[in-house]
Amino acid sequence: MTYSRVVGTGAYLPEKVMTNDDLAKIVETSDEWIASRTGIRARHIAADDQKASDLALPAAQRALEMAGVSATDLDLVIVATTTPDMAFPSTACILQAKLGTAGCPAFDVQAVCTGFVYALATADMFIRAGQARTALVVGTETFTRLLDWSDRGTCVLFGDGAGAVVLKASDEPGIVATRLHADGSQAGILCVAGGVANGNVTGDPFVRMDGNTVFKLAVKALADVADEVLEAGGLTHADIDWFIPHQANIRIIESAARKLGLPMERVVACVARHGNTSAASIPLALDEAVRDGRIRPGHNVLLEGVGGGFTWGAALLRW
Ligand code: UT7
């Protein structure tokens with residue numbers, strides 16, 4: 001039996017930082033409101049000339065370096081993004097070229113904030129099926145470009161960034177189990193409804209969200225899919241060494257941890273420093289906990305995503 005295993009992680013945050021106080025200068029809000037409702041203190045903003053692939057490149061290079069893998073060894077590139085460089089080709093193809101390789105399949109996955117978990121599960125299935133042996137999976141977002149900076153209900157929540165992992169085929173897991181879900185009937189609660197047609201922007205080009213509904217659905221989805229993936233992996237809540245949920249809001253993270261019976265000491269939470277970076281949020285948090293030594297060989301790590309679609313999913317990893 002062939003499994004996949006994460007052998008390298010990497011992350012990149014753009015240089016420019018916007019604090020809550022900076023935001024309070026452009027919209028009716030305060031550091032106190034944002035911090036107490038969301039746990040967010042600051043977010044990073046991509047430079048005008050940085051696209052999703054530009055954020056992805058250093059994150060991917062760092063993951064490849066940790067893995068000791070050359071870009072030319074890759075036989076699969078998957079990018080999760082809601083903010084691709086262009087309508088087409090995919091950001092994965094653009095990243096592949098920037099990495100200086102060609103030939104292997106490269107494609108984007110769009111599941112908004114669950115995108116990284118979808119992409120990871122897809123790469124895992126390629127490797128289990130014998131269709132790839134070395135895969136790069138990236139979550140990258142220039143999400144702040146979708147924000148209406150006059151809408152205080154959304155513009156305080158999001159940031160830009162990228163995170164990446166390299167997966168290799170292995171005789172042992174690695175990725176123990178994954179579970180993915182979607183409910184398209186809830187598309188309207190978190191969406192950018194607009195698009196481009198006939199040379200014009202059509203419809204509303206900004207993020208719109210029913211925050212309360214998203215909050216409630218997110219907490220339930222995270223609890224349900226945790227139970228499901230743990231059962232698939234033959235583990236219980238008590239076996240989880242590290243819980244890495246989508247970094248959207250510290251109150252959602254705390255509620256999900258409470259439902260799992262996990263103390264916050266076993267939760268990786270970095271939402272305070274970069275807000276909700278959508279598909280980049282889970283690999284950003286994973287990279288931080290790997291590099292600072294919290295995640296160690298033998299640990300059971302539960303990754304969970306939730307977001308627009310409505311989508312949600314989980315991946316259970318043995319480190
Ligand atoms: O990947 C998933 C992405 N989405 C999310 O993570 C969003 C999930 N939802 C949330 O995180 C929360 O619902 C929010 C943080 C968005 C809102 O928190 P809340 O505790 O649900 O507040 P609320 O929407 O019930 O609003 C309470 C009040 C309202 O004022 P009134 O109507 O009571 O006078 C809002 O207008 O807070 C007001 N408000 C703000 N005040 C200051 C909303 N946004 C702000 C703001 N600053 N930025």
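None of these values were measured; they are calculated from a predicted model.

## Description of the domain arrangement of the protein
Once the domains are mapped, the protein shows domain 1 (3-172) and domain 2 (176-318). For domain 1 versus domain 2, the separation of C-alpha centres amounts to 14 Å. Across the boundary between the two partners, domain 1 contributes 53 residues, which contact 47 residues of domain 2. Taking both partners together, domain 1 and domain 2 bury about 3,500 Å²; carbon and sulfur atoms supply 65% of that area. Put simply, domain 1 and domain 2 have 23 residue pairs in polar contact (both at pLDDT 80 or more) between them. Residue assignment for the side of domain 1 that touches domain 2 shows that the elements contributing at least two residues are strand S1 (3-12), helix H2 (31-38), strand S3 (42-45), helix H3 (52-67), helix H5 (115-128), strand S6 (134-141), helix H6 (152-155) and strand S7 (161-170). For the side of domain 1 that touches domain 2, the element with the highest residue contribution is H5, accounting for nine residues.

## Digging into the pattern of salt bridges
The final tally for this structure, using the stated rule, is 13 salt bridges. In this structure, aspartate 148 engages arginine 208 in a salt bridge whose closest nitrogen and oxygen atoms are separated by 3.1 Å. Remark: arginine 208 occurs in strand S12 (residues 208-209) and aspartate 148 occurs in the loop between S6 and H6; sequence separation between them is 60 residues. Accessibility expressed as a relative area gives 14% for aspartate 148, which makes it buried. Looking at arginine 208, the relative accessible area reads 28%, which means it is partly exposed. Note that lysine 220 and aspartate 224 form a salt bridge whose closest N and O atoms lie 2.6 Å from each other. Residue lysine 220 and its partner aspartate 224 are both found in helix H7 (residues 211-232); the two are separated by four residues, about one turn of the helix.

## Side note on the site of the ligand
Around the ligand there are 22 residues in total, and Thr29, Arg37, Arg152, Asn212 and Asn249 lie nearest to it. A distance of 2.6 Å separates a nitrogen atom of the ligand from a polar side-chain atom of threonine 29. A distance of 3.0 Å separates a nitrogen atom of the ligand from a polar backbone atom of glycine 211. Those elements giving two or more residues to the shell around the ligand turn out to be H2, H6, H7 and helix H8 (250-260). Among the elements that line the shell around the ligand, the one with the most residues is H7, at four residues. Looking at the shell around the ligand residue by residue, the classes come out as 10 nonpolar, eight polar and four charged.

## Here we look at the packing of H7 against H8
Two elements in contact, H7 and H8, have axes separated by 9 Å at closest approach and are oriented at 35 degrees. In the packing of H7 onto H8, the handedness of the crossing is right-handed. Listed contacts from H8 to Phe215, Ala218, Val219, Leu222, Ala223 and Ala226 of H7 are Arg251, Ile252, Ser255, Ala256, Lys259 and Leu260. Classifying every residue of the contact of H7 with H8 gives nine nonpolar, one polar and two charged.

## Topic: the nonpolar core
By size, the foremost hydrophobic cluster in this structure holds 46 residues, and its most contacted members are Leu23, Val207, Phe243, Leu302, Val306 and Phe310. Among the elements of the structure, H7, H8, strand S14 (300-307) and strand S15 (311-318) are those that each provide at least two residues to this core. Residue contributions to this core peak at nine residues, all from H7. Each of domain 1 (3-172) and domain 2 (176-318) accounts for three or more of the residues forming this core. Beyond its immediate chain neighbours, meaning those up to four positions away, valine 306 contacts Cys113, Thr114, Ala218, Ala221, Leu222, His246, Thr311 and Trp312. Listed in part, the 36 residues of the second largest apolar core include Val6, Ala132, Ile282 and Ala315.

## Looking at the sheet that holds strand S8 (residues 175-182)
Pairing in this open sheet of four strands is mixed, and the strands run S8-S15-S14-S13 from one edge to the other. The open sheet terminates on both sides in strands that have one partner only, identified here as S8 and strand S13 (242-245). Averaged over all pairs of adjacent strands, the angle between strand axes in this sheet comes to 10 degrees, irrespective of strand direction. Relative to S15, S8 runs antiparallel, the two sharing seven bridges. Directly across from leucine 180, in S15, lies its bridge partner glycine 313.

Conventions used here
- Residues numbered from 1 in each chain as written.
- Predicted model: local features only at pLDDT ≥ 70, side-chain atom pairs only at ≥ 80, totals over all residues.
- Heavy atoms only, no water.
- Domains from an automatic or database assignment.
- Contact = heavy atoms within 4.5 Å.
- Buried area = accessible area lost by both parts, 1.4 Å probe.
- Polar contact = N/O pair within 3.5 Å; in protein donor to acceptor, adjacent residues only side chain to side chain.
- Helix = DSSP H or I, 4+ residues; strand = E, 2+ residues; numbered from the N terminus.
- Salt bridge = Lys/Arg side-chain N within 4 Å of Asp/Glu carboxyl O.
- Buried < 20%, exposed > 50% of the residue type's maximum accessible area, 1.4 Å probe, protein only.
- Near = heavy atom within 4 Å.
- Nonpolar A, V, L, I, M, F, W, Y, C, P; charged D, E, K, R; others polar.
- Axes fitted to C-alpha atoms, helices over the stretch in contact; angles between N-to-C directions.
- Left-handed = near helix turned anticlockwise from the far one by under 90°.
- Core = buried A, V, L, I, M, F, W, Y, C linked by side-chain atoms within 4.5 Å.
- Pairing = 2+ DSSP bridges.

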